[in-house]
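# Remarks on the overall topology
One-letter residues, chain by chain:
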Amino acid sequence: MLIFIMLTDQHKEIILATVPLLRESGVALTKHFYNRMFTHHPELKNLFNMGNQNSGKQQTALAMAVLAYAENIVNPVVLMPVVDMIGHKHTSLNIQPEQYDIVGTHLLASIKEVLQDAATNEVLEAWRLAYNQLANLMIGHEQKMYESKKEEAGNWLGWRTFIVKSKVEESAEITSFYLKPKDGKALPKHLAGQYLSIKIFLPEMNLEQIRQYSISCAPNDEYFRISVKREKGTNIAVNGMISNYLHDYIFEGDELELSAPTGNFVLQETKNKKIFISGGIGQTPLLSMLETFDLNEKVQHDVVWIHACRNKEVHAFADKIKLIQNNHPNVSKYQFYDYIEESIADSSVLKGHIDFKKIEDWKFDKDSEYYVCGPRPFIKKMIEELEINQVNKEQIFFEEFGPKSL
């Protein structure tokens, strides 16, 4: 049961006064917090992405979130888009209210231990109330999301067992897994662009780890499809270890534990022109969107597909994209390769990184919707270029895999 928390103006002033401290010591605070929490609750290592912990991405993301909350303590409603994004992630992990209590306990203790003399009784009390206010906001939002899943046909809470019905090699490094529910019951119609969480036990770490994979197919009644990139190298991060485990040790007929589709990077239900821009494996949620259009007899508005990857060998779904284009005159595609073989004689295949100037008759349309997904530097560059060319931020949608930093 949620308790209404009222912050006084004095409490808000105290929180705002800690903003400079958070800017200076925020990451040190969140590192201390995670170390403290995992020491007291080692079982939570099975819930948190330890790859993001090891890289420091999660600590940085949390520090940014705490800072943003402090800066907007007077009007935290402006953070609702972020609350919604985190809420989707939390429901995919089946986060429960009691886990907020654990986080609150160790966050407040960390504030006292890291900030020391600056963490007066007044500061600690203000942050206790502020955290409880935020927790109530999150819990309430997530409760509505859980209730919505309960009411939707075929949806579920927590984990559900799926069977790998098919495993298909899409390119030299990307493999698709077609997943059907073991219980044979109905599936929910996911929204194009959403993801699934998959739980894998990694022997190397002696831990369960959870990773999110975008659903790469259009909504349907039979299966989900995820398309997974194999990671190469000697020091592979945990996320790469999970992906490689799927490649090496999961075969047709094997079982996987999945949580229900979620995520708010989804296709907007408008008739605006859609422009999909992806780098590498970032094409997967956009492919779900494009395949959704392919289900229609006639696409009512223009769709542009722009994809970048190293070369033809690693390019997944090339034939699928070409077939969709051939079936729908309103769909056009452009492919950028770092390296182009002489045998490729397709005018839509271009060399180098994505460069809109290389696309014949290209114009930035302010009314179009731009969907961007790929590695963080790729997303950052694309968004900057769109904004330089006067594309409204409201028309730009992007998905950053992993802890959010953009």
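Now for a description of the structure that goes with this document.

Let us look at unusual backbone geometry. For Gln 116, which is not glycine, the phi dihedral falls at a positive 50°. By the element assignment, Gln 116 lies in the loop between α6 (97–115) and α7 (121–151). Exposure remark for Gln 116: the relative accessible area of 54% places this residue in the exposed category. Unusually for a residue other than glycine, Asp 361 sits at a positive phi of about 60°. Assignment of secondary structure puts Asp 361 in the loop between β10 (349–351) and β11 (369–373).

Spatial ordering of the open sheet is given by β4-β3-β6-β1-β2-β5, a layout of 6 strands whose pairing is antiparallel. Bordering the open sheet on either side are β4 (207–214) and β5 (224–229), each of which pairs with just one other strand. The average angle at which neighbouring strand axes cross in this sheet is 40°, direction not considered. Here strand β2 (residues 174–181) pairs with β5 via 6 bridges, running antiparallel. Note on β5: the bridge partner recorded for Ser 176 is Ser 227.

For the rest of this paragraph, the subject is the pattern of salt bridges. Counted according to the given criterion, the structure contains 14 salt bridges. The salt bridge partner of Arg 23 is Glu 71, with a shortest N-O separation of 2.9 Å. Residue Arg 23 is located in helix α2 (residues 19–40), and its partner Glu 71 is located in helix α4 (residues 57–71); the two are separated by 48 residues in the primary sequence.

What follows concerns the nonpolar core. Phe 177, Leu 179, Phe 224, Ile 226, Leu 246, Leu 256 and Leu 258 are the most contacted members of the largest nonpolar core, which totals 24 residues. Every element with two or more residues in this core is listed here: β1 (160–169), β2, β3 (195–202), β5, α8 (238–249) and β6 (255–258). If you look at the next biggest cluster of nonpolar residues, it comprises 21 residues, including Leu 7, Leu 79, Val 123 and Ala 126.

Residue placement: Gln 143 occurs in helix α7. Between the C-alpha atom of Gln 143 and that of Thr 91, which follows or precedes it by 52 residues, the distance is 8.9 Å.

Next up on the list: the side chain of Thr 91. Mapped onto the fold, Thr 91 is located in helix α5 (residues 80–92). Among the polar contacts listed, one links the side chain of Thr 91 to the backbone oxygen of His 88, at a separation of 2.9 Å. If sequence neighbours within four positions are ignored, Thr 91 has contacts with Glu 142, Met 145, Tyr 146, Lys 149 and Thr 262.

The next thing to look at is the pairing of β2. Of all 8 residues in β2, 7 are buried; the element is thus mostly enclosed. Relative to β2, β1 runs antiparallel, the two being bridged by 7 bridges. From the neighbouring strand, Val 164 faces β2, where its bridge partner is Leu 179.

Our focus in this paragraph is the sheet that holds strand β9 (residues 331–337). Read from one edge of the open sheet, 6 strands run β10-β9-β8-β7-β11-β12, paired in parallel fashion. Edge strands, defined here as strands with exactly one partner in the open sheet, are β10 and β12 (396–399). Each neighbouring strand pair of the sheet contributes to a mean axis angle of 15°, computed without reference to strand direction. Bridge count between strand β7 (residues 274–279) and strand β8 (residues 303–309): 6 bridges; the pairing is parallel. For Gly 279, the partnering residue across the bridge sits in β8 and is Ala 308. Relative to the sheet, helix α10 (residues 318–327) contacts β8 and β9, its axis offset from that of β9 by approximately 150°. Where helix α11 (residues 376–388) meets the sheet, its contacts fall on β7, β11 and β12, and the angle it forms with β11 comes to roughly 160°.

Definitions and limits used
- Residues numbered from 1 in each chain as written.
- Predicted model: local features only at pLDDT ≥ 70, side-chain atom pairs only at ≥ 80, totals over all residues.
- Heavy atoms only, no water.
- Helix = DSSP H or I, 4+ residues; strand = E, 2+ residues; numbered from the N terminus.
- Buried < 20%, exposed > 50% of the residue type's maximum accessible area, 1.4 Å probe, protein only.
- Pairing = 2+ DSSP bridges.
- Axes fitted to C-alpha atoms, helices over the stretch in contact; angles between N-to-C directions.
- Salt bridge = Lys/Arg side-chain N within 4 Å of Asp/Glu carboxyl O.
- Core = buried A, V, L, I, M, F, W, Y, C linked by side-chain atoms within 4.5 Å.
- Polar contact = N/O pair within 3.5 Å; in protein donor to acceptor, adjacent residues only side chain to side chain.
- Contact = heavy atoms within 4.5 Å.

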